[in-house]
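For reference, the chains in residue letters:
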Amino acid sequence: MNMEGFSFGALSDGTEVHALRLTNAAGASITVLDYGATLQSLRVPDRDGRLVDVVLGYDCAADYERYDMYLGATIGRVGNRIANAAFSLNGVEHRLAANDGANHLHGGLRGFDKRLWEMRAEGDSIVCSRLSPDGEEGYPGDLRVCVRFFLTRDNALRIVYDAEGDRDTPVNLTNHSYFNLNGGGTVLEHRLQVFAERFCEGDAGCLPTGRLLPVEGTPFDFRAEKRIGEDIGAEHVQLLRAGGYDHNYCLSGKHAAVLRSEETGIRMRVETDLPGMQVYSGNFLKRHPGKGGREIERRGALCLETQLYPNAFNCWGFPSPVLRAGQRLHSETVYAFSTF
Ligand code: GLA
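Residues numbered from 1 in each chain as written. Predicted model: local features only at pLDDT ≥ 70, side-chain atom pairs only at ≥ 80, totals over all residues. Heavy atoms only, no water.

1. A short note on the overall build of the protein chain
Stated precisely, the cut-off is as follows: Only DSSP runs of H or I reaching four residues or more are called helices, and only runs of E reaching two or more are called strands; each is numbered from the N terminus. C-alpha atoms define the radius of gyration, and 2.2 Å times the number of residues to the power 0.38 defines the globule rule. For every residue, the accessible area obtained with a 1.4 Å probe (protein chains only) is divided by the maximum for its type, and the residue is called buried under 20%, exposed over 50%, and partly exposed between those limits. Two residues qualify as a contact provided that any one of their heavy atoms is within 4.5 Å of a heavy atom in the partner residue. All tallies of charge rest on Lys and Arg as positive and Asp and Glu as negative; His and the ends of each chain are not included. Charged groups are reduced to one reference atom each: NZ for lysine, CZ for arginine, CG for aspartic acid, CD for glutamic acid.
Looking only at helices and strands, the protein chain has two helices and 30 strands in total. Here the protein chain has a C-alpha radius of gyration of 19 Å; the compact-globule value for 340 residues is 20 Å, and the two agree. With the C-alpha coordinates aligned to their principal axes, the bounding extent of the protein chain is approximately 60 × 50 × 35 Å. Taking all 340 residues of the protein chain together, the buried fraction comes to 59%. Put simply, of all contacts in the protein chain between residues at least 6 apart along the chain, 65% involve residues at least 24 apart. When the 37 basic and 45 acidic side-chain charges of the protein chain are each reduced to a single mean position, those positions are 2 Å apart.

2. A look at the nonpolar core
Spelled out, the test is: As used in this record, nonpolar core signifies buried Ala, Val, Leu, Ile, Met, Phe, Trp, Tyr and Cys residues forming a set joined through side-chain atoms within 4.5 Å.
Core analysis: the largest hydrophobic core is formed by 57 residues, its most contacted members being Leu 42, Leu 192, Val 194, Tyr 249 and Phe 337. Sorting elements by how many residues they give to this core places strand 13 (residues 143-151) first, with five residues. With residues up to four places along the chain from it excluded, the contact list for Phe 337 reads Leu 42, Val 44, Val 54, Asp 154, Asn 155, Ala 156, Phe 179, Leu 181, Ile 266, Arg 267 and Met 268. By size, the runner-up hydrophobic cluster in this structure holds 18 residues, among which are Leu 11, Tyr 64, Tyr 280 and Cys 303.

3. So, the pattern of salt bridges
Rules: Here, a salt bridge means any Lys or Arg side-chain nitrogen found within 4 Å of an Asp or Glu carboxyl oxygen.
With the rule as written, the count across this model stands at 31 salt bridges. The residue Glu 201 makes a salt bridge to Arg 211 at a minimum N-O spacing of 3.2 Å. Of this pair, Glu 201 sits in strand 19 (residues 196-202) while Arg 211 sits in strand 20 (residues 208-214), placing them ten residues apart in sequence. Residue class for Glu 201 comes out buried when judged on its relative accessible area of 14%. The shortest N-O distance in the salt bridge between Arg 287 and Glu 297 comes to 3.9 Å. With Arg 287 in the loop between strand 25 (276-280) and strand 26 (288-289) and Glu 297 in the loop between strand 27 (295-296) and strand 28 (302-307), the pair connects residues that are ten residues apart, well separated along the chain.

4. Focus on the packing of aromatic side chains
Two numbers describe a pair of aromatic rings. These are the distance of the centres and the angle of the planes. For the record, the criterion: Aromatic pairs are defined between Phe, Tyr and Trp rings, using the six-membered ring for Trp, whenever the two ring centres lie within 6.5 Å; interplanar angles under 30 degrees are classed as stacked, those over 60 as edge-to-face, and all others as tilted. For a lysine, the NZ atom is tested; for an arginine, the CZ atom; a charge sits over a ring if that atom is within 6 Å of the ring centre and within 35 degrees of the ring normal.
A full pass over the atoms with the stated rule returns 14 aromatic pairs. A ring pair is formed by Phe 112 and Trp 117, whose centres lie 5.8 Å apart and whose planes are at 80°; its orientation type is edge-to-face. The same class applies to Phe 112 and to Trp 117, which are both buried. An aromatic cluster of at least three residues, connected via ring pairs, comprises Phe 199, Phe 220, Phe 222, Tyr 245 and Tyr 249. If you follow Arg 158 out to its NZ or CZ, it ends over the ring of Phe 150, 4.6 Å from the centre.

5. Quick look at the sheet that holds strand 20
To keep it simple, the criterion reads: In this description, strands pair whenever DSSP reports at least two bridges between them.
On the basis of which strands lie adjacent, the open sheet formed by six strands has the order 17-28-25-22-19-20 and antiparallel pairing. With partners counted over all chains shown, the strands left at the sheet margins are strand 17 (178-179) and strand 20, one partner each. Of the pairings in the sheet, the one linking strand 17 to strand 28 comprises two bridges and is antiparallel in character. Its bridge partner lying in strand 28, Phe 179 is registered against Leu 302.

In structure tokens:
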């Protein structure tokens, strides 16, 4: 394993952003930024041994600050949406930042993705931590958060989340990497398998309504591997509302998904201890320049955001996102790469 650190440019207020890159013996590498605890690059070998960067990103800190696409960022305090940007907890109503119409999305106007973290190298991992102060974006209590990015010898990225607060607060952490196993083009030809029987119905604003719909007999059925583009254009109200896939899948177990590309022969397996996963086909991605001058385009990548079911405060029966004061949150998600 080899670790190197370098400057990643400055934010608009002059603050310098740092990068750490961890490379394993196979040549695979991860690059993480202290801005947003962001996975800036993830390079893995294809079937011919050539390294492919399989996540979208930018070349400089200023672009991460400028664009609001959450590329590779750590999302918090609560990932995805909360209806009407409010929740009540212990009899108290908390108002959150509304940054998606009237709703709250991905932690607010300045969520964890737009904050500077403390970052350090620790063995075979890159560790990012920060204190989210009481009242940040409307959330109650101080919350200590630590995200560890491990790269294994056999090309798996393991992300480990730990958090603890001094007051009861909702927490739902995820990583917002956009995967493209070809390193360019759209993901419509990628093959996807998702181990879920049901998904959350979304309303017009992509908010779970509380109803769980069976995937069976719908374009949402990925129980058997299927091309992402196969049914994405189907006349299904859930697809039309979201402009494609942008839904929480209710995972059947720890094996969440397999994504693979015939073009490069790269296969990615996703495992998690969380109950849900947002399958998002990059429908809101606008054409703009990304890393190495490569254009980012609509549906140019797939996000597989492991999470608690979104909008849980408003949906009866969804697992609670509340982390009690002094309790420890611990969660892990693995993205394991191989070739075929
Ligand atoms: C998530 C949401 C999408 C979109 C993206 C960010 O995946 O579910 O609706 O907001 O983040 O653009």
